[in-house]
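Letter by letter, the chains look like this.
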Amino acid sequence: MSVRRLLAASLVAGCLSASPSDAAQTAAPAISATPSMTYKTVNVRGLNIFYREAGPANAPVILLLHGFPSSSRMFDTLMPLLADRYHLVAPDYPGFGNSEAPPPEKFAYTFDAIADIVGAFTEALHFGRYALYVQNYGGPVGYRVAVAHPKRVSALVVQNAIAHEEGLGRLNAVRKGFWADRAANEAKYRAGLASVETARLRHISGSPHPERYNPDLWKDEAAFLARPGEADIQSDLFYDFRNNLAAFPAWQSWLRERHPPTLVVWGRYDPVFDAAEVAAIKRDVPKAEVHMLDAGHFALDESASEVAKLMRGFLGRLPPSAIKPAGSRI
C-alpha cells in the first residue's frame, strides 16, 4: 500500500454504571510538572474518566474537547497560558488517552454515547456554565452537548471542527466509501492507524513550519493506537462519524438560534477539513470572530501562544453576564 493511500486512510479517520453520588467522587490529584496543572479521574456512568485541570477554581470555566487521535494532552501547551484567568478542564473521552477503554461489546463507541459521557462529566464536576473549545472529534461531541444543554454554553471556540457539509472537504469521497462498504475498506483504515509515518504526516502535512512539531506527538499517538483493542474502538467511532452529517442541521439551528459568542481559529493548511467551514459558521453566526492561522489541522502544535492570545482577547471582550465564573454551578 502506498504512503499516499495510508495517509488518506489516516486523515479520513482524523476527520473524522455509577450512581449519581458515585459520579461526584474524584481521585486525589497527581502532582504536575506544569505550574497550576493537575491530573484527576472521576467516575462517570461507571467509567473512569481522566481529565487535566488548571486555573482558579472560582474562575470562568473553559471546557476543552480534543480531537482524533489525541487526548487532553493536546491542550498541555494552551492551558498554562490561560490558567491565570480561567478554570480550564480537558477530559479524555472513553477509549482515549488515560480514560477507561472498555471493549466495544461493553461500550458503544458512538458520538452520541461519548457526548452523553461528556455531558455527565460536566455535571459530576458541577459545571453549570462553560465556554466550549472544540477541535476535530471535539466538534461532534461538543455540539451534541450544546444542543442538549443550550443554556450552559457561554461561548464557543472552534478550531478545525465542522458542523456543515462544506467543511468535509476533499476527503469526503474516501469517507463515504468507508461508510458505504466498511468491510472492503477496514484493512486500509487500520493500516493508517498502525503507521508511525502516517501519524507524522497527520500532523505536519501542509504546515509551513514542520520544524515546530515535537516528534513525540506522533510517536506517542502511534503507541496509543497500537494498544490492544484500540483499532476496534477507533474503527467503530469513525464508522459512526457518518451519523454526524444527519445531526448537522440540529447543530446549525443551535448556532442560528442561540448565536453564542463565537471565536474561530482555523489552521489554514488543514488537510482534513476544508476552510469553507469558516464561511458556513459566519453564515449561522454573523458576528463570529474569525482568525486564519498559519498552521495545520493541529494548530496548537505550532500556534498555541497565538491561540491563547486570541482567546484571551475574545473572552475578555465579552460582557460579564456572558461568561460566568465557575461558582455558577449545578
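Residues numbered from 1 in each chain as written. Predicted model: local features only at pLDDT ≥ 70, side-chain atom pairs only at ≥ 80, totals over all residues. Heavy atoms only, no water.

1. Some details on the sheet that holds strand β8 (residues 289-293)
Think of a sheet as strands paired side by side through backbone hydrogen bonds, with each pair either parallel or antiparallel.
At step 1: The strand order β1-β2-β4-β3-β5-β6-β7-β8 describes an open sheet built from eight strands, whose pairing is mixed. Of all the strands in the sheet, just β1 (37-44) and β8 have a single pairing partner and so form its edges. Within this sheet the neighbouring strands show an average axis-to-axis angle of 20°, counted without direction.
At step 2: Of the strand pairs in this sheet, strand β3 (residues 61-65) and strand β5 (residues 130-134) are connected by four bridges, and their pairing is parallel. In the sheet register, Ile62 faces β5, and the bridge partner there is Ala131.
At step 3: Sitting on the sheet, helix α12 (residues 276-284) is in contact with β6 (153-158), β7 (262-267) and β8, with an inclination near 170° to β7.
At step 4: Lying over the sheet, helix α13 (residues 300-316) contacts β3, β5, β6, β7 and β8, oriented at roughly 165° with respect to β7. (Pairing = 2+ DSSP bridges. Helix = DSSP H or I, 4+ residues; strand = E, 2+ residues; numbered from the N terminus. Axes fitted to C-alpha atoms, helices over the stretch in contact; angles between N-to-C directions. Contact = heavy atoms within 4.5 Å.)

2. A short note on the pairing of β1
At step 1: Among the eight residues that make up β1, six are buried, leaving the element largely enclosed by the rest of the structure.
At step 2: Pairing analysis gives eight bridges linking β1 to strand β2 (residues 47-54), with the strands arranged antiparallel. What sits directly across from Tyr39, in β2, is Arg52.
At step 3: Linking two consecutive strands that pair antiparallel, namely β1 and β2, is a turn of two residues; a positive phi of about 50° is found at Arg45 within it. (Buried < 20%, exposed > 50% of the residue type's maximum accessible area, 1.4 Å probe, protein only.)

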